[in-house]
Amino acid sequence: MRDRLLAAEKVKAIDWRDGTLYLLDQRVLPFEQTWIACTSAAGVAEAIRSMVVRGAPAIGISAAYGVVLAARARFAEGGHWQEALEEDFAQLAATRPTAVNLSWALGRMRERLARLKKHADPLSVLEAEALAIHESDREANLTMAQLGVDLIRKHQGNAQAILTHCNTGALATGGFGTALGVIRGAFIEGMVERVYAGETRPWLQGSRLTAWELANEGIPVTLSADSAAAHIMKTKGVTWVIVGADRITANGDVANKIGTYQLAVNAMHHGVRFMVVAPSSTIDMDLASGDDIVLEERDERELLEVGGQRLGADIDAFNPVFDVTPADLIDVIVTEKGIVERPDTAKMAQLMCRKRLH
Ligand code: MRU
């Protein structure tokens, strides 16, 4: 399956070339394929904040390259460049609050800098570290796809209808995806009849990005309003809900795109299994539970305006873009270190002691 999955790796959203970070502008997909060139940490920070690049692993990878760009500029300035670099770390860290992959990647870059040998070239060391972060996410996607496919096979076998939310594919990661990677793998193995993708309002990551990725590969996808999910679970033979994550806490609670929590509640009611697929860089063992996660709230205009036009009366809107699914609604969390069924604090701690599987 590995080779067939790699062959399916068609879309790429992050490209590091000749010392410049190129990001596929996800705000305008699928209508336009425009690449934005980032040559500074400020440029990368703005790209993350404004959703040019989005998806937890993709944000972390981009931030790591942002540190490389920042180091280049600070090093050229001379003096106490490593101290000055802290400003860039802070700027990148402040872009979006919920996905822990961002601070994880920045932490890894900072730690690598701290271990620098006396005569080493700091710029090439940092560049190698960012490339390693990128490549290890790609590898993690492969391992998780295999584990997720094995779980689907174990529970049901063929001809499944799967429901997913937001975009967890090549656009959101360094490879071909987390939840969407499992779905891709299951399709290759002949175990997927249809994928139901929720629109994922208000940014429409489901309709603009997930449906586009799947349709491009000939994977049967049906788009629905987010509010159709319960009805679809009841009437369309859905066997699994498979989603990604932005932060998983020490007890197995999962922050993911707004609407994930109601999918989990509905899945439990309908006897549909609920799988979360995320690399261990998404797991935050410093937070005891989902109550401690900062959930991003975005501009109310994302709800009050359509195509730049105000909808109507002068009213307030509440626009949280993530929610927390409690661990007890989750059947299984799939990571590159292994799987955790019915997650809890002890099982999560055990998982995090393990090495990567491949
Ligand atoms: O606001 P976004 O588009 O960055 O949110 C993305 C999600 O919620 C994804 O489901 C999550 O990051 C997992 S991506 C592999």
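Residues numbered from 1 in each chain as written. Predicted model: local features only at pLDDT ≥ 70, side-chain atom pairs only at ≥ 80, totals over all residues. Heavy atoms only, no water.

**Focus: the pairing of strand β1 (residues 14-17)**
As judged from the 4 bridges shared by β1 and strand β2 (residues 20-24), these two strands associate in the antiparallel manner. Looking at the pairing, Trp 16 lines up with Leu 21 of β2. (Pairing = 2+ DSSP bridges. Helix = DSSP H or I, 4+ residues; strand = E, 2+ residues; numbered from the N terminus.)

**Some points on the UniProt feature "active site" (unreviewed entry) in the protein**
The feature "active site" (unreviewed entry), as given by UniProt, occupies Asp 246 in the numbering adopted here. Its place among the elements puts Asp 246 in the loop between β7 (238-243) and β8 (247-249). A relative accessible area of 8% means that Asp 246 is categorised as buried. Look past the residues within four positions of Asp 246 in its chain and what remains in contact with it is Ala 56, Thr 98, Ala 99, Val 100, Asn 101, Ala 255, Asn 256, Lys 257, Thr 282 and Phe 322. (UniProt positions renumbered as here; feature names shortened; annotations may be inferred. Buried < 20%, exposed > 50% of the residue type's maximum accessible area, 1.4 Å probe, protein only. Contact = heavy atoms within 4.5 Å.)

**Brief notes about the site of the ligand**
Every one of the 18 residues lining the ligand counts as a neighbour, but Arg 54, Arg 96, Gln 205, Asn 256 and Lys 257 are closest to it. Against a free-state accessible area of 410 Å², the protein chains account for coverage of 100% of the ligand. Of all the secondary structure elements, the ones that give two or more residues to the shell around the ligand are α3 (56-77) and β9 (254-257). Of the residues that constitute the shell around the ligand, the class distribution is 7 nonpolar, 7 polar and 4 charged. The residue makeup of the shell around the ligand includes at least three contributed by each of domain 1 (2-136) and domain 2 (157-352). (Near = heavy atom within 4 Å. Areas by Shrake-Rupley, 256 points an atom, 1.4 Å probe, with all protein chains shown as cover. Nonpolar A, V, L, I, M, F, W, Y, C, P; charged D, E, K, R; others polar. Domains from an automatic or database assignment.)

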